[in-house]
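Residue-level listing of the chains:
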Amino acid sequence: MFERLGSLTYRFRFLIVLAWVAAAAWSVLFAPSLAAEGMTDQTAFLPRGTASMEAHDALERAFPGSTSVSSTQLVFARDGGLTEADHAYVGEVAAWLQGDEAPEVIREAVAGVETADSRPELASLLRSEDGEREMVNVNLDVVMAGSAGDAVVGALREHFAATAPDGLAAHVTGAGGIGSDYL
């Protein structure tokens, strides 16, 4: 049996190779794009009855439009403590994120910004006790594990490189920074 199969394979080797090439070409031309069909929003895989989905739905009912697809965190740090100019810069960044001066990729993605000044009840979580670090939470309407999220992180890093005061370290972390670095 294997001799016969081997003989047929050898005899029609060019036809078999041609069939494989045609199948590969057909797949490239007509198969759906993985980027278009795939999902990076992990909540889409959860059944509706799970506790986390019920909590998400309850949040959306109680605070319509307040839930975001993802978030990223901005961390500002200076050894020896943040200066008044550093705190002013953090406020400027928060305003820039929600303002018309931000690039389109930022304006379309940012759903909200939480700082220690805008959310005083979170100040103990967003500012370090030693005064050397401050975090800003940025809620986004884009999934961070993809090209849209990567574009947001790139725009943030470019802005920091161009505008951060000397000696102030400004970083993008959380789902956004990690996802962008991973990709």
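Treat the numbers as computed from the prediction; the structure is a model and nothing was measured.

Enquirer: Can you explain the environment of His159? Please cite residues and give values.
Expert: Mapping His159 onto the fold places it in helix H8 (residues 147–163). For His159, a relative accessible area of 17% gives the class buried. In this structure the C-alpha to C-alpha distance between His159 and Pro103, which are 56 residues apart in sequence, comes to 9.7 Å. With sequence-adjacent residues up to four places away left out, His159 is seen in contact with Tyr89, Val93, Trp96 and Ala164.

Enquirer: Requested: an account of the pairing of strand E1 (residues 70–77), with residues and values cited.
Expert: Side-chain direction in a regular strand flips from residue to residue, so the side chains alternate between the two faces of the sheet. In terms of burial, E1 is largely enclosed, as six of its eight residues are buried. Bridging between E1 and strand E3 (residues 133–140) involves eight bridges; their strand directions are antiparallel. Bridged to Thr72 within E3 is Val138. With five bridges joining them, E1 and strand E4 (residues 169–173) adopt antiparallel strand pairing. The residue of E4 that forms the bridge with Val75 is His171.

Enquirer: I'd like to hear about the confidence of the model for the protein, residue by residue, with values.
Expert: Note that predicted coordinates carrying low pLDDT should not be read in detail. Residues at a pLDDT of 70 or more form 84% of the protein, whose mean pLDDT is 84. For the protein, per-element mean pLDDT is lowest for helix H3 (residues 34–37), which scores 54, and highest for helix H5 (residues 84–97), which scores 95.

Enquirer: An account of the pattern of salt bridges is requested, with residue identities and associated values reported.
Expert: What the rule picks out here adds up to six salt bridges. The closest approach of N and O atoms between Glu114 and Arg119, which form a salt bridge, is 3.0 Å. By relative accessible area, which is 29% here, Arg119 ends up partly exposed. Residue Arg133 is joined to Glu132 by a salt bridge in which the shortest nitrogen-to-oxygen separation is 3.2 Å.

Enquirer: Before we move on, can you summarise a nonpolar patch on the surface with the specific residues and values?
Expert: Residues Leu8, Phe12, Leu15, Ile16, Leu18 and Trp20 make up a contiguous nonpolar surface patch of roughly 630 Å² in combined accessible area. Looking at the nonpolar patch, the element that brings in the most residues is helix H2 (residues 13–30), giving four residues. Here Phe12 lies in the loop between helix H1 (2–11) and H2. Since its relative accessible area comes to 38%, Phe12 is described here as partly exposed.

Enquirer: Break down the sheet that holds E4 for me, with residues and values.
Expert: Think of a sheet as strands paired side by side through backbone hydrogen bonds, with each pair either parallel or antiparallel. The strand order across the open sheet built from four strands is E2-E3-E1-E4, with neighbouring strands paired in antiparallel fashion. The sheet terminates laterally at strand E2 (110–114) and E4, the two strands that pair on one side only. Within the sheet, the average angular offset between the axes of one strand and its neighbour, ignoring direction, is 20°. With four bridges joining them, E2 and E3 adopt antiparallel strand pairing. Looking at the pairing, Glu114 lines up with Asn137 of E3. The strands that H5 touches are E1, E2 and E3; relative to E1, the one it contacts most, it runs at about 155°. H8 contacts E1, E3 and E4 of the sheet and is inclined by roughly 175° relative to E4.

Enquirer: Let's hear about the nonpolar core: which residues, and what values?
Expert: Generally speaking, a soluble globular protein has its nonpolar side chains buried in company with each other. By size, the foremost hydrophobic cluster in this structure holds 26 residues, and its most contacted members are Leu74, Phe76, Leu97, Ile106, Leu156 and Phe160. Among the secondary structure elements, those contributing two or more residues to this core are E1, H5, helix H6 (104–109), E2, E3, H8 and E4. Top contributing element to this core by residue count: H5, with six residues. In contact with Leu97, other than residues within four places in its own chain, are Leu74, Ile106, Val110, Val113, Val138 and Leu156.

Here is what the cut-offs are and how they apply
- Residues numbered from 1 in each chain as written.
- Predicted model: local features only at pLDDT ≥ 70, side-chain atom pairs only at ≥ 80, totals over all residues.
- Heavy atoms only, no water.
- Helix = DSSP H or I, 4+ residues; strand = E, 2+ residues; numbered from the N terminus.
- Buried < 20%, exposed > 50% of the residue type's maximum accessible area, 1.4 Å probe, protein only.
- Contact = heavy atoms within 4.5 Å.
- Pairing = 2+ DSSP bridges.
- pLDDT = per-residue confidence, 0-100.
- Salt bridge = Lys/Arg side-chain N within 4 Å of Asp/Glu carboxyl O.
- Patch = residues over 30% accessible without salt bridge, like charges linked within 9 Å, V, L, I, M, F, W, Y side chains within 5 Å.
- Areas by Shrake-Rupley, 256 points an atom, 1.4 Å probe, with all protein chains shown as cover.
- Axes fitted to C-alpha atoms, helices over the stretch in contact; angles between N-to-C directions.
- Core = buried A, V, L, I, M, F, W, Y, C linked by side-chain atoms within 4.5 Å.

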